[in-house]
Amino acid sequence: MIKKLIVLAAFIGCLLNSFGQTNDTENKPNYDQYVGVQANELLKQLINLNNSNTVIGNPYLLTYTIMSNKCGWGIEAGLGFQYTDTQNKQPVNDESKTNNFDSRIGICKKFKLGKRFTAGYGIDLVYSNNSDVTTNSNTTVSSGFTDSSSTVTTTKTIRIGAGPQLYLGFNISQRVILGTEILYYYLSSTQKQNVLTKDTQIEVSGNQTITTSTIANSNLETDIKSFSFSFPTVLFLIVKF
């Protein structure tokens, strides 16, 4: 993985050097920039896709690409972030907080397929950090006795990997593109889980109060190696600058 990072950094340096050169013989700029955003929900509303609930396996909500018009290669990046906070009040007090961060960076090559279509390929390095914190608490009260318990489960998963990607875009206009992509990544994941359980019992007998507390803590770590394949189910609305 370190060797791949060094090679990628050297290649990016060469590309940045070519971006900085001027082009006096042609009017077109030395490089083009593209910013894309996932547009499935927008397109669903515009063209009425019958409320299709197709699962989107591509986590990158935003993409950025800078392409050199001199060498035809470019640098691309993707970013995705998702946060959810779910709370259940009755009959048991539960809360789940989820943070998902996904990123990628790589090199790519793109070329024209006729007047309207653009195709491309590349290789990415990927990194994701996902965490989930779930809290369950319950209190039982009976005559002279109270039992309060809570369990906090924290799960953190870090994924690092690399792999190729294929791109296909339809040029709606000179500066607006509708694109999709296929991803195939090899991922090495480390998952750490901590479960903290607390239980407090309070018993009142006459003028005497007896409190008993117990705490249990457990940890689990798992290593996972996998290949992740993302079908072209996501559509990006891309603007060229």
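Refer to the structure presented above.
Residues numbered from 1 in each chain as written. Predicted model: local features only at pLDDT ≥ 70, side-chain atom pairs only at ≥ 80, totals over all residues. Heavy atoms only, no water.

Draft legend 1. Molecular detail of the nonpolar core. By size, the foremost hydrophobic cluster in this structure holds 8 residues: Y34, M67, C108, Y167, I177, V234, F236 and I238. Y60, V126, Y185 and L187 belong to the second largest nonpolar core, which has 5 residues in total. (Core = buried A, V, L, I, M, F, W, Y, C linked by side-chain atoms within 4.5 Å. Buried < 20%, exposed > 50% of the residue type's maximum accessible area, 1.4 Å probe, protein only.)

Draft legend 2. Structural context of the pattern of salt bridges. In the structure shown here, the tally under the stated rule is 3 salt bridges. Taking the shortest distance from any N to any O, the salt bridge between D32 and K240 comes out at 3.7 Å. Here D32, found in strand β1 (residues 31–38), pairs with K240, found in strand β9 (residues 236–240); they are 208 residues apart in sequence, far enough to count as distant. Of the residues examined, K240 reaches a relative accessible area of 22% and is grouped as partly exposed. (Salt bridge = Lys/Arg side-chain N within 4 Å of Asp/Glu carboxyl O. Helix = DSSP H or I, 4+ residues; strand = E, 2+ residues; numbered from the N terminus.)

Draft legend 3. Spatial organisation of the pairing of strand β3 (residues 73–88). Pairing geometry for strand β2 (residues 62–68) and β3, over 6 bridges, is antiparallel. Residue pairing for β3: Y64 is matched across the bridge by A77. In textbook terms, the turn of a hairpin is the stretch between consecutive antiparallel strands, and for β2 and β3 this stretch comprises 4 residues, one of which, G72, has a positive phi near 80°. Pairing geometry for β3 and strand β4 (residues 93–113), over 16 bridges, is antiparallel. Paired with D85 across the strands is K97, a residue of β4. (Pairing = 2+ DSSP bridges.)

Draft legend 4. Looking closely at the side chain of T98. Within the element layout of this structure, T98 appears in strand β4. Using a relative accessible area of 17% as the deciding quantity, one classes T98 as buried. Within the local environment of T98, its side chain forms a polar contact with the side chain of D132, the two groups lying 2.8 Å apart. Once you skip the residues sitting within four places of it in the chain, T98 turns out to touch Q82, Y83, T84, S131 and D132. (Polar contact = N/O pair within 3.5 Å; in protein donor to acceptor, adjacent residues only side chain to side chain. Contact = heavy atoms within 4.5 Å.)

Draft legend 5. Fine view of a nonpolar patch on the surface. A grouping of V37, L61, L62, L79, F81, Y83, F101, Y127, I158 and I160 is seen on the molecular surface, where their side chains present a nonpolar patch of about 850 Å² in accessible area. Breaking the nonpolar patch down by element, the ones donating at least two residues are β3 and β6 (145–171). As for its position among the elements, L79 is in strand β3. (Patch = residues over 30% accessible without salt bridge, like charges linked within 9 Å, V, L, I, M, F, W, Y side chains within 5 Å. Areas by Shrake-Rupley, 256 points an atom, 1.4 Å probe, with all protein chains shown as cover.)

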